[in-house]
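Listed here are the chains, written in short residue letters.
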Amino acid sequence: MLLLVLLLIPVLGIFVILTDMFNPSGRLSAVHSQDEGQSLYSEISNDLNSLKITRIKFTALSASIANLFVSLIIFIVFDFSSNQFQFVQEYHEVNDFHIYLGVDGISIYFVLLTTIITPIALLSNWTSISENVKSFVIIMLLLESLLLAVFLALDILLFYIFFESILPPLFILIGLFGSSNKVRASFYLFLYTLLGSLFLLLSILTMSSIMGSTDFDALAKTNFNYSTQLFLFYGIFIAFAVKTPTIFLNTWLLKAHVESPLGGSIILAGKLLNIRF
């Protein structure tokens, strides 16, 4: 249950931000009708807009900190003497799709790292981003939820789906809040890494067609023949060589880091590039 809570807290934060009923325009109309002074009207307008932005930021920060506490509970309760998956949750018949979540001794550290970095990323752009603040914090919370799902997925096809679902929010984040050359950098990041990941999808489909399953436990007990192993290795290697990225395949990384806002660079360097592990 804790893993599901971990995934849903950022989503709940997004829902609260989207349904925030605080509307400064209604109050402004009443003030404007009482006092026609344009300077007073502008001052009150700026104050109310600033208050709304602050509410949005604190809602997102509170959701990320709450998620950090949940991850700390999971980390404290986690049994490091066991080599089995823990906190396993299975959901069958969810739109005819199998959802299988859990953590092991490696992924637990990346889950904790993700929940630590998200509040830092939000605070890093606390004052520098003043426009489209709602979009910014929603993207950050969505990225946190998707990254956690990547580390918690115990099904390789589910891992791939969450793995690639990170790209659209990052594309929007860089495209909206980046520097002068942000549009080109966002397309570099999206297209370059998406094309590389197609090789991973090809390997996953090959394993699924041979085994009839994409479950990590089932795949770990499978013996593929040598030629199939080579095919799977090259597909996975190319995908992660682009994602890591390795030398000669790192064209997108420099552009993404340079043009991305500070919070985006923190997520890109601190979390997204660690998925390869």
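Throughout what follows, the structure given in this document is the object of discussion. (Residues numbered from 1 in each chain as written. Predicted model: local features only at pLDDT ≥ 70, side-chain atom pairs only at ≥ 80, totals over all residues. Heavy atoms only, no water.)

### Some details on the nonpolar core
Alright, step 1. Core analysis: the biggest nonpolar cluster contains 63 residues, and Phe136, Val137, Leu152, Ile166, Leu170, Leu173 and Leu200 have the highest contact counts within it.
Alright, step 2. Ranked by residues supplied to this core, first place goes to helix H5 (residues 133–152) with 15 residues.
Alright, step 3. When near neighbours in sequence (up to four residues on either side) are disregarded, Val137 contacts Ile17, Ile56, Ala60 and Leu122. (Core = buried A, V, L, I, M, F, W, Y, C linked by side-chain atoms within 4.5 Å. Buried < 20%, exposed > 50% of the residue type's maximum accessible area, 1.4 Å probe, protein only. Helix = DSSP H or I, 4+ residues; strand = E, 2+ residues; numbered from the N terminus. Contact = heavy atoms within 4.5 Å.)

### Examining helix H8 (residues 182–211)
Alright, step 1. For H8, spanning 30 residues, the distance from its first C-alpha to its last is 43 Å, which sits close to the expected 44 Å at 1.5 Å a residue.
Alright, step 2. Three or more residues of H8 are buried, namely Ala185, Ser186, Leu189, Thr193, Gly196, Ser197, Leu200, Ser203, Ile204, Thr206 and Met207.
Alright, step 3. Packing partners of the buried residues in H8 comprise helix H6 (156–165), helix H7 (167–177), helix H9 (216–220), helix H10 (226–243) and helix H11 (251–259).
Alright, step 4. Backbone geometry just after H8 places Gly212 at a positive phi near 75°. (Expected span 1.5 Å × (residues − 1).)

### Some details on helix H1 (residues 2–18)
Since the α-helix advances by 3.6 residues per turn, residues separated by three or four positions end up pointing in the same direction.
Alright, step 1. Compared with an ideal rise of 1.5 Å per residue, which puts 17 residues at 24 Å, H1 spans 25 Å between its outermost C-alpha atoms and is within 8% of the ideal.
Alright, step 2. At Leu8, H1 shows its maximal kink, close to 30°; a proline, Pro10, follows between one and four residues later.
Alright, step 3. Along H1, the residues classified as buried are Leu3, Leu6, Leu7, Ile9, Pro10, Gly13, Ile14 and Ile17. (Bend = angle between axes of the 7 residues up to and from the residue.)

### A few points about unusual backbone geometry
Alright, step 1. Phi is positive for Phe87, close to 55°, though the residue is something other than glycine.
Alright, step 2. If you trace the backbone, Phe87 turns up in strand E1 (residues 86–94).
Alright, step 3. Backbone geometry at Asn132 places phi at a positive 55°, although glycine is not the residue there.
Alright, step 4. Assignment of secondary structure puts Asn132 in the loop between helix H4 (107–124) and H5.

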